[in-house]
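# A closer look at the structure
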Amino acid sequence: MLWHYSSLHNCACKVIEEQTLWGQTVCRVWLPNQDAVVRVPRSALRSLSADLLPEIRPLLLLRILPAEDG
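Scope of this entry: the structure provided in the associated data block. What you see as residue numbers is a count from 1 along each chain, following the sequence as written. Side-chain atom pairs in this predicted model are given and counted only at pLDDT of 80 or more, local residue features only at pLDDT of at least 70, and totals for whole chains, interfaces and linings cover all residues. Neither water nor hydrogens contribute to the side-chain values; these are computed over all heavy atoms in the structure.

## With respect to the overall build of the protein
If you tally the helices and strands in the protein, you get one helix and five strands. Along the protein, helices (α) and strands (β) appear in the sequence β-β-β-β-β-α when read from the amino end. To sort residues, take the accessible area from a 1.4 Å probe on protein chains only and compare it with the maximum for the residue type: under 20% means buried, over 50% means exposed, and anything in between is partly exposed. Out of the 70 residues belonging to the protein, those deemed buried represent 26%. Pairs of residues are marked as contacts when any of their non-hydrogen atoms sit within 4.5 Å. Within the protein, residue pairs in contact and separated by at least 24 positions form 32% of the contacts whose partners lie at least 6 positions apart. Using the Shrake-Rupley algorithm and a 1.4 Å probe, accessible areas are obtained, with residue cover drawn only from the displayed protein chains. For the protein, the accessible surface area stands at approximately 5,300 Å², while carbon and sulfur atoms represent 54% of it. Helix and strand assignments come from DSSP, with helices taken as H or I runs of at least 4 residues and strands as E runs of at least 2, each series counted from the N terminus.

## Some points on the state of the cysteines
Here, the term disulfide refers to a pair of cysteine sulfur atoms separated by no more than 2.5 Å. A full pass over the atoms with the stated rule returns zero disulfides. Take Cys11: it sits in no disulfide, and the sulfur closest to it among the cysteines is that of Cys13, at 6.3 Å.

## Points about a nonpolar patch on the surface
Surface patches are drawn from residues lacking salt bridges whose relative accessible area is over 30%; two like charges belong together within 9 Å, two nonpolar side chains (Val, Leu, Ile, Met, Phe, Trp, Tyr) within 5 Å. One speaks of a salt bridge when a side-chain nitrogen belonging to Lys or Arg is within 4 Å of a carboxyl oxygen belonging to Asp or Glu. Taken together, the side chains of Met1, Ile16 and Val37 present a nonpolar region at the surface, about 290 Å² in accessible area. Structurally, Ile16 can be placed in strand S2 (residues 11–21).

Written as structure tokens, this is what we have:
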């Protein structure tokens, strides 16, 4: 699945499913900042560009890497 930028949520999201019904395409996306799965119109998503990746990479790593015990 591909990473996109949700203009509705102002964050990166991962598309996990895409459906077209009555000519409307809707995607189920995972929002890592909220740890939530929501439905978003395909028109509200845009491809992640290299310009956006440096901004979101630290946030994605925080969600993936476990916290250090200390």
